[in-house]
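Geometric and topological summary
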Amino acid sequence: MNEFMREAVALSRKCLEDGTGGPFGAVVVKDGKVIARGSNRVTIDHDPTAHAEVVAIRNACRELGSFQLDGCTIYTSCEPCPMCLGAIYWARPEKVYYANSREDAAKIGFDDQLIYDEIAIPFDQRKIPMLHLHSPEALQVFEAWSNLDQKIDY
């Protein structure tokens, strides 16, 4: 097994042994060195977004002083869930390697299939309804952003 994947898996095992969250770990690598680590902290931090990949991405971005992971690779102990996948695409690393599959995760109670299914369903038919409340004021904020001369696109 690759040394970086070995570290991601070790983080997942430590999470399991310490009882700090689900059995998931991730590392972010740049130029052949680990620049950030993350393990699942959902239960200990009372934060449903504190998945290993998201924690690792946050730590790496702080380390780099950037909101993107240019030139980085993520190694994670499990195939990213839909939320983590979204965070990965926003962070734009070059590559992601994962160990366990989402099918493996589902077998132990971490089944994300509902979310994958819900994405394809019209908003008004989802288990958690998504209701559009048109707001001219909200649109004005978007227009003001669009007209800014000095903004950081991402």
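Please refer to the structure placed before this passage.
Note that the structure is a prediction, hence the values are computed from the model and not measured.

About the thresholds
- Residues numbered from 1 in each chain as written.
- Predicted model: local features only at pLDDT ≥ 70, side-chain atom pairs only at ≥ 80, totals over all residues.
- Heavy atoms only, no water.
- Phe/Tyr/Trp six-rings, centres within 6.5 Å; stacked < 30°, edge-to-face > 60°.
- Lys NZ or Arg CZ within 6 Å of the ring centre and 35° of its normal.
- Salt bridge = Lys/Arg side-chain N within 4 Å of Asp/Glu carboxyl O.
- Buried < 20%, exposed > 50% of the residue type's maximum accessible area, 1.4 Å probe, protein only.
- Helix = DSSP H or I, 4+ residues; strand = E, 2+ residues; numbered from the N terminus.
- Pairing = 2+ DSSP bridges.
- Right-handed = clockwise from strand over helix to strand, strands pointing away.
- Axes fitted to C-alpha atoms, helices over the stretch in contact; angles between N-to-C directions.
- Contact = heavy atoms within 4.5 Å.
- Patch = residues over 30% accessible without salt bridge, like charges linked within 9 Å, V, L, I, M, F, W, Y side chains within 5 Å.
- Areas by Shrake-Rupley, 256 points an atom, 1.4 Å probe, with all protein chains shown as cover.
- Core = buried A, V, L, I, M, F, W, Y, C linked by side-chain atoms within 4.5 Å.

**What to know about the packing of aromatic side chains**
The final tally for this structure, using the stated rule, is five aromatic pairs. Every member of this aromatic cluster is reached through a ring pair, and the members are F4, Y75 and Y97. The residue whose ring lies beneath R102 is Y116, and the NZ or CZ to ring-centre distance is 4.0 Å.

**Re the pattern of salt bridges**
In total, this model carries four salt bridges according to the counting rule given. Between R41 and D45 there is a salt bridge whose closest N-O contact spans 2.9 Å. Taking relative accessible area as the criterion, D45 reaches 36% and is therefore assigned partly exposed.

**Quick word on the pairing of strand β3 (residues 72–78)**
Here β3 lies mainly inside the structure; seven of its seven residues are buried. With five bridges joining them, strand β1 (residues 25–30) and β3 adopt antiparallel strand pairing. Of the residues in β3, the one forming a bridge with V28 is I74. Looking at chain direction, β3 and strand β4 (residues 95–100) are connected through five bridges and run parallel. Bridge pairing in β4 links C78 to N100. Taking the sense of rotation as the criterion, the β-α-β connection linking β3, helix α4 (residues 82–91) and β4 turns out right-handed.

**What to know about unusual backbone geometry**
Most peptide bonds adopt trans geometry, and most residues besides glycine take a negative phi value. The phi dihedral of D31 is positive, around 55°, even though this residue is not glycine. The exposure class of D31 is exposed, given its relative accessible area of 69%. One non-glycine residue with positive phi stands out, namely R92, at about 60°. Within the secondary structure, R92 is located in the loop between α4 and β4. Here R92 falls in the partly exposed class, since its relative accessible area comes to 36%.

**So, the environment of L148**
Inspection of the secondary structure puts L148 in the segment after α7 (136–147). Assessed through its relative accessible area of 42%, L148 is described here as partly exposed. Separated by 106 residues in sequence, L148 and V42 place their C-alpha atoms 37 Å apart.

**Let's talk about the sheet that holds strand β2 (residues 33–39)**
Spatial strand order, β2-β1-β3-β4: four strands in an open sheet with mixed pairing. The strands lining the two open edges of the sheet, one partner per strand, are β2 and β4. Adjacent strand axes in the sheet meet at a mean angle of 15° when their direction is disregarded. When β1 meets β2, the two strands line up antiparallel, connected through six bridges. Residue V27 lies in a different strand from β2, and its bridge partner there is R37. The strands touched by helix α1 (residues 3–18) within the sheet are β1, β2, β3 and β4, with β1 carrying the most contacts at an inclination of about 150°.

**Remarks on a nonpolar patch on the surface**
Taken together, the side chains of F67, W90, W145, L148, I152 and Y154 define a hydrophobic patch exposed on the protein surface, amounting to about 720 Å² of accessible area. Looking at I152, the relative accessible area reads 57%, which means it is exposed.

**Considerations on the nonpolar core**
Ranked by size, the top nonpolar core spans 16 residues in total, and within it V28, I57, A60, L69 and I74 carry the most contacts. Going through the elements one at a time, β1, α3 (52–64), β3 and α4 are the ones with two or more residues in this core. The dominant element in this core, judged by the number of residues it contributes, is α3, at five residues. Residue contacts for V28: discarding those within four places in its chain leaves K33, V34, I35, A36, A56, I57, A60, L69, C72, T73 and I74. Formed by seven residues, the second largest nonpolar core is a distinct cluster that contains F4, A8, L11 and V29.

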